[in-house]
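Architecture at a glance
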Amino acid sequence: MAANKGPQIIDLSKLNLEQLTALKNQQDQELQFFNESLQQLKMAQLKFSESGTCVEKLTPDKAGAEILVPLTSCMYVPGKIADVNKLLINVGTGYYVEKDSAGACSYFQRKVKFVTEQMEKIQKIAAEKTKLREIVMDIMEVKVNEQLSMLQQQKAAAGAAKA
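Residues numbered from 1 in each chain as written. Predicted model: local features only at pLDDT ≥ 70, side-chain atom pairs only at ≥ 80, totals over all residues. Heavy atoms only, no water.

Re the packing of helix H1 (residues 17-57) against helix H2 (residues 101-162)
For the pair H1 and H2, the least separation of the axes is 8 Å and the interaxial angle reads 160°. The angle between H1 and H2 places the two elements in the roughly antiparallel class. Handedness of the crossing formed by H1 with H2: left-handed. Its residues assigned to classes, the contact of H1 with H2 shows 24 nonpolar, 14 polar and nine charged. (Axes fitted to C-alpha atoms, helices over the stretch in contact; angles between N-to-C directions. Helix = DSSP H or I, 4+ residues; strand = E, 2+ residues; numbered from the N terminus. Parallel < 35°, antiparallel > 145°, perpendicular 65-115°, else oblique. Left-handed = near helix turned anticlockwise from the far one by under 90°. Nonpolar A, V, L, I, M, F, W, Y, C, P; charged D, E, K, R; others polar.)

Side note on the pattern of salt bridges
In the structure shown here, the tally under the stated rule is four salt bridges. A salt bridge links Asp28 to Arg133; the shortest N-O distance between them is 2.3 Å. Taken together, the positions of Asp28 in helix H1 and Arg133 in helix H2 put the pair 105 residues apart, joining distant regions of the chain. A relative accessible area of 24% means that Asp28 is categorised as partly exposed. Judged by relative accessible area, Arg133 falls into the partly exposed class, the value being 23%. Put simply, Glu30 and Lys129 hold a salt bridge, and the shortest N to O gap is 2.7 Å. (Salt bridge = Lys/Arg side-chain N within 4 Å of Asp/Glu carboxyl O. Buried < 20%, exposed > 50% of the residue type's maximum accessible area, 1.4 Å probe, protein only.)

Describing the pairing of strand E1 (residues 66-70)
In this sheet, strand E2 (residues 76-80) lies alongside E1 in antiparallel orientation, the contact comprising five bridges. By the bridge assignment for E2, Leu68 is matched with Pro78. Between E1 and E2, which follow one another and run antiparallel, lie five residues. (Pairing = 2+ DSSP bridges.)

Remarks on the confidence of the model for the protein
On average, residues of the protein carry a pLDDT of 89, and 96% of them reach 70 or more. Here E1 stands out as the element of the protein with the lowest mean pLDDT, 88, in contrast to H1, whose mean of 94 is the highest. (pLDDT = per-residue confidence, 0-100.)

Quick word on the side chain of Lys24
By the element assignment, Lys24 lies in helix H1. The exposure class of Lys24 is buried, given its relative accessible area of 17%. Setting aside anything within four residues of it in sequence, one finds Lys24 in contact with Arg133, Val136, Met137 and Met140. (Contact = heavy atoms within 4.5 Å.)

Focus: the pairing of strand E3 (residues 87-92)
In this sheet, strand E4 (residues 95-99) lies alongside E3 in antiparallel orientation, the contact comprising five bridges. Across the sheet, Gly92 pairs through a bridge with Tyr95, a residue of E4. Where E3 folds back on E4, the antiparallel hairpin that results is connected by two residues, among which Thr93 adopts a positive phi of roughly 45°.

Let's talk about the nonpolar core
Inside soluble globular proteins, nonpolar side chains tend to come together where they are buried. Counting eight residues, the largest nonpolar core consists of Leu31, Phe34, Leu38, Leu41, Val115, Met119, Ile122 and Ala126. For Val115, the residues in contact, after removing those within four places along its chain, are Leu41, Gln45 and Phe48. (Core = buried A, V, L, I, M, F, W, Y, C linked by side-chain atoms within 4.5 Å.)

Observations regarding the packing of aromatic side chains
Per the counting criterion, the structure on display carries three aromatic pairs. Judged by centre distance (6.4 Å) and plane angle (35°), the ring pair of Phe48 and Phe108 falls under tilted. Residue Phe48 is located in helix H1, and its partner Phe108 is located in helix H2; the two are separated by 60 residues in the primary sequence. (Phe/Tyr/Trp six-rings, centres within 6.5 Å; stacked < 30°, edge-to-face > 60°.)

Considerations on the layout of surface pockets
Taken as a whole, the largest pocket spans an internal volume of roughly 1,500 Å³. Lining the largest pocket we find 34 residues, and of these Ser51, Pro70, Leu88, Asn90 and Phe108 sit closest to its centre. Within the residue set of the lining of the largest pocket, elements represented by two or more residues are H1, E1, E2, E3, E4 and H2. Looking at the lining of the largest pocket element by element, the count peaks at seven residues for H1. For the lining of the largest pocket, the residue count by class is 21 nonpolar, five polar and eight charged. One number sums up the size of the second largest pocket: a volume of about 230 Å³. Around the second largest pocket, the lining residues are Gln8, Ile10, Leu12, Leu15, Gln19, Leu23, Gln26, Gln27, Glu30, Lys129 and Leu132. When contributions to the lining of the second largest pocket are tallied by element, the ones reaching two or more residues are H1 and H2. (1 Å grid on protein atoms, 1.4 Å probe; cavity = no way out; pocket = protein on both sides within 12 Å on 5 of 7 lines; lining within 4 Å. Points joined across faces, edges and corners; volume = space filled by probe spheres on them.)

See below:
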């Protein structure tokens, strides 16, 4: 028997209140995950953008200028700019690539563009999840109102039977 990998279609009106609550909680968790992912991507986008701006500010007259060279995210050592056209770019997981100024600017622009595209994709998914969550909440409200009216009818019938 082959497993169906496509999305499942569920008639929300046929779910009971407990199942709807579980679905709403799942949507809440997914939305929280997407929001956290967006925050991380925004931070990455900002870092790439700032790095590109710093590279653009490197002009030939900056050669020999004293700088702080990052060894880790919180440890820096003093250094001097030897050649403003030879830059070591951290491309992740401990790998560095030597690029000229134009290549470094291009690299950071591509990274900003890529991160921005990923953010847009996540925002679309989050918007869909938000709509689904709202639909689930609306159906939950209808179900609760139905249960309350049934209870009121039962109380009224019990009161009429006693009288």
